[in-house]
Structure formats: C-alpha cells, structure tokens
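Structural features, examined
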Amino acid sequence: MPLLAYIIIVPLIAAGLGLIFRRAAGALALAAAFFALVAGCLLMGGRQAWPAFSLLAYSLNSGAYLIAALITLLTVIYSLKYLTQLKRLGEYYAYLLLALAATAGALFTNEFLFLFLFWGLMGLALYLLIGTGGERAPAAAQKTLIILGGSDLLMALGAGLVWSLTGSMEFGGTALPVNTPLTLAAFLLLLTGAFAKAGVMPLHSWIPAAAEGAPTPVMALLPAALDKLVGVYLIARISLDIFMIQPGSLASLILLALGSFTIMAGVLGALLQHDLKKLLSFHAVSQVGYMVVGIGTGLPVGLAGALFHLFNNAIYKSALFFCAGSIEHRTGTTELKKLGGLAGKMPLTFAAALIAALAISGVPPLNGFVSKWLIYQGLIEVGQFDRFWLVWLTAAMLGSAFTLASFVKLLHAAFLGQWSENTAKAREVSWPMWFPPLFLAGLCVVFGLFAYQLPLRYFILPVFIRLVVPGVWDPGLATIMLFGGLLLGLLLYLLGNVRQTVTRPAFYGGEELPEETIKVTGDDFYDTVKRLAPLGLIFRVAERKVFDLYEQLKLALDSLADLASRIEGAIWRSF
Amino acid sequence: MAIILTGFILVPVAAALLCLPLKRRGWLFVATAAGLLSLAAYLYTIRPFNNLLVFQYHDVPLLVLDGLSHLVLTGVALAALLYALYSVDEERAIPYALYLLATAAGVILAGELVTLMLFSLLLLDACGHLAMAGGKKIGLGEGLSLGLAAGLLAGGLAAMMLISHATAIHLTIRTYPLLVKAMVLSGFTLLAGVLPFHRWLVKTSNPLIYAAVNTVGLYGIFRFAFNVFGLGRSGMLVLTVLGLSSLVYGGLVAFARRDLAYNNIAQTGVVLAAAGLASPLALMGALFHLLNLIVIKPLLVYAGDTADRASGPLLSSCLVIGWLANAAIPPFNGFWSLHYVLLALAQQKAWPSALLLIPGLVIILALSLKVLKEKVFSAEPGGAPPVRWPQGTVLVISAVLCLLIGLNTGAVVTYLINPAVIALTNGTGYARMIAGVLL
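Criteria and cut-off values
- Residues numbered from 1 in each chain as written.
- Chains lettered and ligands numbered in written order.
- Predicted model: local features only at pLDDT ≥ 70, side-chain atom pairs only at ≥ 80, totals over all residues.
- Heavy atoms only, no water.
- Helix = DSSP H or I, 4+ residues; strand = E, 2+ residues; numbered from the N terminus.
- Contact = heavy atoms within 4.5 Å.
- Domains from an automatic or database assignment.
- Core = buried A, V, L, I, M, F, W, Y, C linked by side-chain atoms within 4.5 Å.
- Buried < 20%, exposed > 50% of the residue type's maximum accessible area, 1.4 Å probe, protein only.
- 1 Å grid on protein atoms, 1.4 Å probe; cavity = no way out; pocket = protein on both sides within 12 Å on 5 of 7 lines; lining within 4 Å.
- Points joined across faces, edges and corners; volume = space filled by probe spheres on them.
- Buried area = accessible area lost by both parts, 1.4 Å probe.
- Polar contact = N/O pair within 3.5 Å; in protein donor to acceptor, adjacent residues only side chain to side chain.
- Nonpolar A, V, L, I, M, F, W, Y, C, P; charged D, E, K, R; others polar.
- Patch = residues over 30% accessible without salt bridge, like charges linked within 9 Å, V, L, I, M, F, W, Y side chains within 5 Å.
- Areas by Shrake-Rupley, 256 points an atom, 1.4 Å probe, with all protein chains shown as cover.
- Salt bridge = Lys/Arg side-chain N within 4 Å of Asp/Glu carboxyl O.
- Axes fitted to C-alpha atoms, helices over the stretch in contact; angles between N-to-C directions.
- Parallel < 35°, antiparallel > 145°, perpendicular 65-115°, else oblique.
- Pairing = 2+ DSSP bridges.
- Phe/Tyr/Trp six-rings, centres within 6.5 Å; stacked < 30°, edge-to-face > 60°.

A word on the side chain of Thr240(B)
Structurally, the position occupied by Thr240(B) is in helix H10 (residues 233-257). Thr240(B) has contacts with Leu272(B), Ala273(B), Gly276(B), Leu277(B) and Ser353(B), leaving out every residue within four places of it along the chain.

Concerning the domain arrangement of chain A
Accessible area lost during the coming together of the parts is what is often quoted as the interface size. The domain boundaries assigned to chain A delineate domain 1 (245-499) and domain 2 (535-574). The C-alpha-based centres of domain 1 of chain A and domain 2 of chain A are spaced at 37 Å.

Points about the nonpolar core
Phe222(B) and Phe224(B) are the most contacted members of the largest nonpolar core, which totals 388 residues. Residues from two domains meet in this core; each of domain 1 (245-499) and domain 2 (535-574) of chain A gives at least three. Ignoring sequence-local partners within four residues, the contact set of Phe222(B) consists of Leu68(B), Asn227(B), Val271(B), Ala275(B), Ala286(B), Leu287(B), Leu290(B) and Leu424(B). Counting residues in hydrophobic clusters, the runner-up holds 10 residues, among them Ile263(A), Val293(A), Tyr376(A) and Leu393(A).

Describing empty space enclosed by the protein
Enumeration according to the criterion identifies 9 cavities of 30 Å³ or more in this entry. As a volume, the largest cavity reaches approximately 250 Å³. Taken together, 23 residues line the largest cavity, and the ones lying closest to its centre are Gly149(A), Asp152(A), Leu153(A), Ala328(B) and Phe335(B). Of all the elements, helix H6 (residues 137-166) of chain A adds the most residues to the lining of the largest cavity, at 6 residues.

Structural notes on the layout of surface pockets
Where empty space is left can be seen by rolling a probe of water-molecule size over the atoms. As a volume, the second largest pocket reaches approximately 1,100 Å³. Lining the second largest pocket are 37 residues, and of these His204(A), Phe282(A), Ala542(A), Lys545(A) and Asp548(A) sit closest to its centre. When residues of the lining of the second largest pocket are traced back to their parent elements, those giving at least two are H6, helix H8 (206-213), helix H10 (250-271), helix H11 (276-296), helix H20 (533-543) and helix H21 (549-574) of chain A together with helix H15 (351-377) of chain B. Mapped onto the domain boundaries, the lining of the second largest pocket takes at least three residues apiece from domain 1 (245-499) and domain 2 (535-574) of chain A.

Concerning the interface of chain B and chain A
In this assembly, 41 residues from chain B lie in contact with 39 residues from chain A. Overall, the association of chain B and chain A removes approximately 3,600 Å² of surface from exposure, summing both partners, and the carbon and sulfur fraction of that is 80%. Taken together, chain B and chain A are joined by 3 residue pairs in polar contact (both at pLDDT 80 or more). Sorting the residues of the side of chain B that touches chain A by element identifies helix H6 (140-164), H10, helix H14 (333-348) and H15 of chain B as the ones contributing at least two each. Considering every element that reaches the side of chain B that touches chain A, the biggest residue donor is H15(B), with 13 residues. Per-class residue counts for the side of chain B that touches chain A are 31 nonpolar, 5 polar and 5 charged.

Digging into a nonpolar patch on the surface
Residue and element names in this part refer to chain A. A cluster of nonpolar residues, Ile13, Leu17, Leu19, Ile20 and Phe21, forms a patch on the protein surface that exposes about 470 Å² of accessible area. Along the chain, isoleucine 20 falls in helix H1 (residues 3-20). On the basis of relative accessible area, isoleucine 20 is assigned to the exposed category, the value being 62%.

Quick look at the pattern of salt bridges
Residues and elements named next belong to chain A. Scanning the model with the defined rule gives 10 salt bridges over all chains in all. A salt bridge links arginine 22 to glutamate 91; the shortest N-O distance between them is 3.5 Å. Note that arginine 22 is positioned in the loop between H1 and helix H2 (25-43) and glutamate 91 in helix H4 (residues 89-108), a separation of 69 residues in sequence. In this structure glutamate 91 comes out as buried when scored by relative accessible area, which is 16%.

Details of the packing of helix H3 (residues 59-82) of chain A against H4(A)
Residues and elements named next belong to chain A. Remark: H3 packs on H4, axes separated minimally by 10 Å, with the N-to-C direction vectors making an angle of 175 degrees. Taken together, H3 and H4 sit at an angle that is classed as roughly antiparallel. In this structure, H3 contributes Asn61, Ser62, Ala64, Tyr65, Ala68, Ala69, Thr72, Thr75, Val76, Ser79 and Leu80 to the contact, and H4 contributes Tyr92, Tyr93, Leu96, Leu100, Thr103, Ala104, Leu107 and Phe108.

Focus: the pairing of strand E2 (residues 60-65) of chain B
Consecutive side chains of a regular strand alternate in pointing toward one face of the sheet and then the other. Residues and elements named next belong to chain B. Pairing of strand E1 (residues 53-57) with E2, which is carried by 5 bridges, proceeds in the antiparallel orientation. Note that in E2 the partner of tyrosine 57 across the bridge is valine 60. Between E1 and E2, which pair antiparallel and follow one another directly, the connecting turn spans 2 residues, one of which, histidine 58, has a positive phi of 55 degrees.

Side note on the packing of helix H1 (residues 7-19) of chain B against helix H2 (residues 26-46) of chain B
Residue and element names in this part refer to chain B. Closest axis-to-axis distance for the H1/H2 pair is 10 Å, and the angle between their directions is 170 degrees. Judged by the inter-axis angle, H1 sits roughly antiparallel to H2. For the pair H1 and H2, contact is made by Gly7, Phe8, Val11, Pro12, Ala15, Leu18 and Cys19 and by Leu28, Thr32, Leu36, Leu39, Ala40 and Leu43, respectively. Across the contact of H1 with H2, the residue classes tally to 11 nonpolar, 2 polar and no charged.

Regarding unusual backbone geometry
The step from Pro364(A) to Pro365(A) runs through a cis peptide bond, and the omega angle for that step is 10 degrees. Residue Pro196(B) is reached from Leu195(B) by a cis peptide bond, and omega for that bond is 5 degrees. When you line up the elements, Pro196(B) lands in the loop between helix H7 (178-192) and helix H8 (199-203). Even without a glycine there, the phi angle at Arg258(B) is positive, about 50 degrees. Within the fold, Arg258(B) resides in the loop between H10 and helix H11 (260-277).

As for the side chain of Asn110(A)
Residue and element names in this part refer to chain A. The residue asparagine 110 is located in the loop between H4 and helix H5 (112-131) in this model. Residue asparagine 110 is classed as buried on the basis of its relative accessible area of 14%. Among the polar contacts listed, one links the side chain of asparagine 110 to the side chain of arginine 237, at a separation of 3.1 Å.

Points about the packing of aromatic side chains
In total, this model carries 20 aromatic pairs over all chains according to the counting rule given. Judged by centre distance (6.5 Å) and plane angle (35 degrees), the ring pair of Phe308(A) and Phe447(A) falls under tilted. Placement of Phe308(A) in helix H12 (residues 300-331) and of Phe447(A) in helix H17 (residues 431-449) is noted, with a sequence separation of 139 residues between them. In terms of burial, Phe308(A) and Phe447(A) fall into one category: buried. Through successive ring pairs, a cluster of aromatic residues spans Tyr176(B), Phe188(B), Phe224(B) and Phe229(B).

A few points about the environment of Leu424(B)
Residues and elements named next belong to chain B. Following the sequence through the fold, leucine 424 ends up in helix H17 (residues 409-425). The buried category is assigned to leucine 424, whose relative accessible area is 1%. Sequence separation of leucine 424 and aspartate 66 is 358 residues, and the distance between their C-alpha atoms is 10.0 Å. In this structure leucine 424 touches Leu68, Phe222, Phe226, Asn227, Leu283 and Leu287, once residues within four positions along its chain are discounted.

Next comes the structure, spelled out in structure tokens:
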C-alpha cells in the first residue's frame, strides 16, 4: 500500500484503539499524530497516488497536510496537559484522529464522491469534538453541523451539476468557464459547502458559537486550522481546477465582494468582542476573507497569496487559540475585563501571542505580511479588468489595520496593564502548553523571513506554471529597518521622557481614587465605534442576530413547524 | 426451485399456528424471522442476476421473485428479525406478527391479482390485530383508513381484472382509466402512510407495522406505477408532489413535536419524490433510501423506546448513529442514498424538486440534531440500568448495519439495488420477462 493509504488508516486505527484502551488514548494520539507529521514530510518528495480512494498528493495538498499534521501533533501535546479533567478523554482523542484522517482524505482526494465522504467525516468529527465541551457545547455542536450539513447538501447538488456538464466526477481537466446560468449555479453551489467549512460570511456563525462551547484546543485545531485548510483549499480547487475564473468576470466579482465583506464584517465584529475566544473566532472569519479575495482575483499572484495566507492563518490562528487556552487554564476566564498584567507572569505565552498577533495583523517581516502583500498585489493587478478594484483593496488594507487595532486591545487587556483578581496569582503554564504556541510563533518568523526560500518555493509556486511577483521584497532589509526604527523610538523615549515621569494619585471630586478603580482594562477600547451613526445601527441590528443566517432560518423553521403542527392537530381533531 | 418461494408465506403461517399452544413463543418467532432472512439471502446466490423466479400453479404465476420483490422481501425479513429480537417477551403479539409477516410476503411475491388482493386484505386485517394485541385500541380514524385501503385496493384490482379479462399481473398490463389507476395507487399510498393518508400510521405504535406495511405500500406503488401502469410524466409528477409534500410537511410536524412517526413520513416522502424522477439514478437513490429506512427506522424506534428505561454508552452510541444516519451524515448509510438522489436531481435539472427537497432534508437534519442534543448530549446522567441483551443486540445489529451499508455502498448497490432498478426501468417490459419465463 502507498504511504497515502497509511496516512488515512493509521489515525483511524489509533482512534479505534483509543476508544477501547481509554487510558492510553493520549499516547496513541501522540504516536499517530507524530506518524502523520513524518509521513507528511516524506510526501513532500513528489507526487504519489492511491487509486482506491482516488487520492493524489502533490506539492500544494502535501504542504497543507504537513501543516495539518503539525498542528494536530501540537494540539495533542497541548491537550495532554490542558484537558486532564475532561470526562470523555478517550473519545476526544479518537475524534481528533478521525478529524486528521478525514482532513487527509479531503485534501488528497481527486474525486467528488470521496470528497463528500471525507468532507462529511470532518464535519462529524467537528460536531463530536465540540460536543465534548462544556454547558454550551451541545447547542454549538448542533448549530455547527446544521450549517455544515445543510451547505454540504447544496455542494452535492453542485457536484451533480458539474458531473452532468462534464460527465466526470474527477477534479481537474475540466476548467469550465463560468459564463452560463448553469455553470454559475454549479460554481455557487459548490462554493457554498466550501464557504461554510471555511467560515465565509454569511455561513460563519458556527465559529463564534463553537468558540463559546468547545474546548480551546478544538478551536485551535479545527475552525482555526483544519477546516480553514480544507475549506479554502477546496475553494482554490473549485476556482482553479473545476472552473476557470477570469479576472473581472461575474464569478470573480462574487468572490471579491464576499471576501471583502467577510474581511470587514469579521474584523468589526472582533473589535467589539469582550471575550478572548470570541474575539479570535471573529478573526478566524475575517482572515478567510483575504483568502477568498486572493482567489477571486483570478490572477496567479493573488492565488499564490491566498494559498500562502491559508498556511499562515492556520499557524498564527492556532498559536493564538493555544495562548487563549493557556490564559483560561491559569486564570479561569477568557473575559478581557477580568484579565490584565499577564506579560510578566506568563512571558512565554505573551511572546507567542505577541508574535502571532503581529503576524495576523500583517506586520513585516512576519509571514502574514508576505501573504497579504501578495494579495494586495493581486488586487492592484486586477484593476486592469475590474473597476471596483479600489473597493476591494481598501477593504483588505483597512481590514488589516482594524486587525492590528483589535489585537492591540487584546494584548493590552490580557497581558499589559494592571493585574486583576483573576490574574494576580497566575503563572506560566508548563511546557506542553507553552511549547506549541511558541513553536508556531517561531514558524511565523521563519515563514516571514524565508518566505520565498521555504513555503512559497516548496508548497505554493510549483502549482503555478508561470508566476511573476512584481516589486521587490527583501525581508532581511525590512527586518533591519524595522528593528532600527524600534530602537530609535526607544532611544528617543528614554532620552526625552523617562526622567520626567512623575507619579501622582488620581482625584475625583476632591477624593483620592483607589488604584483598582482607575484600572484601564482595554476591554472597552473600541466601544465608541458602536456610537458612530451608520456603524452603531449595524451593530445594534447585529446584536439581535439579524445577520446570522442560521438564527433567521431557525426562527422561520420554528414558526413553520409550529404552524404545520397546529394544522395537523386541527385537521385530525375535526376528523 | 421456485417452490421455495412458498416458504416465505407457509413458514410464518406454520410458526403462527405452532406458537399458539406455546408459552415461550418469542424464540420461535426469532428463529422464523432469521430463517426467512437466511432464505432471502440464499436466493441471492441462486437467482440468476436480473432474472426471475416464478412459482406456477396450473400455468398461473402465483408467486414471482424479481430484483424489486427480492429487495423488499429481504428488507421485510430483516425488519421482522429485529422486531422479533426486540419483542421477544411480548408473547401476545407474536402470532399476529407472524401473520403480518406471511401476508406481507404474500403481497410482495404475488404474481397475479387475486393473490395480491387476498394478501392485501389479510395484511390490513393483520395490522389491526397486531395493533390491538399491543394493548392499543383501534380508533375510528385508523379503522376507516384501513377500511378505505381495503376498499380501494379491492375495487381497483377487481376493476383491472374485469377490464383485462385476466388475473396474472403480466397479462393485465395495459392502459386503464384514470380512476382505476388512482384507486390502486391510493390504496398502496395509504399503506405507505404518505401524505394525505398518513394519519393511521402515525397512530400505530407498533414498529413492525411501521416497517413492514410502509415498505409493502411503497413496493406496491413502485410495482404498479412502473411495471403495470407504466405511468407517464404526469403520473410521475404526482408521485413527486406527494413525496415532496410528505417530506416537508412530515419534517415540519416532526420538528415541532419531536415525533418519530412524522420523521418516517418525511423519509418515505424522500423515497417517493426520488421515484417520481424516474431516471435509473433516481430509482437507485429511492430504492437505496428505502433499504436504509428499513435499517434506520427500527434503530430509532427501539433506541428511543429503550432510552425511557435504560441508559449507558451503548444506548447513547446507538442513538447517535441512528440519528446521524437519519440526518444523512457520512459515513452512515443515509448519506449515500441521498447523495444519489441529489445527483439525479442535478442530472435532470429538476430545480423545483430541488427547491423543496433540500429544505426538507435540512429540516430532517435539524430535527435529528435537536433530538440528539436533547436526548444524548444534554441529558442528565440518570441511574437507569444498562440495556438488556436481546434488546441491546437489536440496537447493535442495526447500528452496525447503518455503518456497514455506508462503508460498502458499492456492494450493496451492485447486489441488492441494481437488480431492483433494472426491474423498474424495464417498465411494462415486466410482462415480456414473466411471459419468457413461463414459456
């Protein structure tokens, strides 16, 4: 059997054994995830196939799998310490491995039929994993699977249309132009499933819901990494292999509009969150927008940026969720107003969170900057075909700025400022919990500094026959300039201010205020945004879940079901 | 060899008579159902692929086994075995259950109209007895429904005999007045419990009636719509409309009331809606879904029933598997049949059907997950005892079947579904096939 077969079979066997020998479930999961990582490395050598499930490995999906296996391994390491109190630990690890096997299948398969099998298994694993969480977990799990399962039905219909148009259930080689109502319908139906999994608006609301219910490592693994990897990978395959997206076409316009909307709506939602995990979950939504926008350009540079952003997002988003989990583990809360001053108490977690936050905000020389830079270039290039290009570019750049703003709030509220009651006795987590986010943060730096030498060269660029990246980007020079600027700023600060700093007690109405009452939490940094005329209205409407498609459909379903039940009762009573 | 077909009727009748003086009847019922299932499985090894097995009496094809009847017969035998194992202690109902089993087999195998009419009427009688044996009174509504079904079937089949001057089904294949077609198909629709004739099945709490009569009803619709009447586009459209309305309405009421009976109506609607599309792929989806329902329904009924007095991981796992299969989540069996139905919809570009079918399926998905949330994930851990073994075995068999069918779709389609699809796509060529065997 080829290596691809073992990549799917070994985690499944380990999952089965974990369910039987529950005490050894963690060790089995660790071994299986390590095997997956090694197998992922071996796959990078070239193309491999396993005809039984129509599996085919090449540079892009092998790279995605490598990242998936790495994050799974780190999640298992993290969980060994974080989830010791979980009642259904055996099941948790089994579902984790089921998710890994399903991800491998979904990434490598080259046929719709098997894609649906693995795709559905991923949804099932996510549902079951969320279900292992706390009080809110069952409702969150239900919401997740209804959104994913419902959109999968539409995707299956889309696949059927592609099959009826091309006579083939295999990906690739078709490149249907999206120029008729039928091909457009097929394109949109297929995208629906991928959008739901990736968390593109308006099918995103399962991610914030899951953040409230699921154990934090689950969030770090699935919505942040595996689901994004597979979801956006499928969007890319739909747009590259099954259909032909021309820049400036209707299909391109749809993707760009949805992507831009997702960036802005996601980041604005994140700005106003008061809970660390919910804030991160809104960023998980917002970042997908960049990938969709990159793919929507239909140009190699934009696509390369989107695919690189896919890898980067998995890395820094998982790191951030791990950090959130560590904070929750030590302080017992993720509410921002109850946090503060953790930088000194949890320095390693802070370092990881800082680097990941800068990376997600697109600050050079980290990986997020490089991928966003490529996407921006794609958007500028698409200006030759699309007169709205400036709108998309503005949304992308503004989104980046808001992302930074939101993470300034997070970093200040959690790590800087004064200690709170919850954080006063906090201390650094043990190594299984600080190592995973710190490792991923290191990867953010490596993927930023050596973007062209490592990830782009081995994972992304082989996909494109001809890709010319316009402009010059020298990460080394940029790093020197950046640190030079920081040093200069520090010097100026020390020279100009430090000796003139005086400390005075605060007064209000002639009374001296106790120190704890003047604590700046950072929690309500951006609450003023809610009072801005147009945005305020939108936020108020959003708080009533008007934009949550699931909630609206649920309301409609409840009403219709009630009506049908009354009719049924009335008819048979009279009969 | 064809005489073996009589076993499907005579063995349960004999068992019913034999068990009357017995006090411990349960295991005789289990043995009978297991024997019939084994017999059905054995016939798969000896019946030539796509070919017929006909039992003749004085040149009249009394019993006929083709791909479709074989599939349905196997399903009914399986449902009976699961019921027998689960109800092994319900001594009073067992003779009637065996009676129902024999009459259901009679309807499925009938190769001529008098036999069909006779067994149909006996089946309705058996339904009434079995329902009452469970301590349930037959209300006016249910009684009228059963009577109406009997009247429609008897009237319709008699009219067919009068018009065609023949009783063998293959000789009665011709064009009939709309009223005759409507009577026969409505009779079977009543048995299937499809909207608007669903109420009696909702009120009947016996799982064997659910499984067997509903399946026999669908079999009758398939056989007459495709092989006897050879319905045209408008006829098929009626089936699709009935199926889709059952799906959406049944799903909505099931969602409001968390009622499994309405869920079954909705799922039956999927089978009928897919059959109405009439393409080979759609028929494959419809028949596959019919087979899946035979496995899923008992699992949901028995697991739900057991949950009232027992608990434990086995029961939770079975509930999860059953409802996920019902919701068409892979890798369970329900997913694959719906996948074929969706492919067929796309192939035929049947957008109006898709517009109703997909929301209907989402309602079933929402219902399934809501039940799981309430019964499994949010349920308070109680001190109820674990599941007892004969009942537990039924749950395990059904759950494993949900998974195995899902994982072996290729084999199931090749050996069980395809012969049935071929039988249906032959349309009125059914007559030539039987005539060929008789020669």
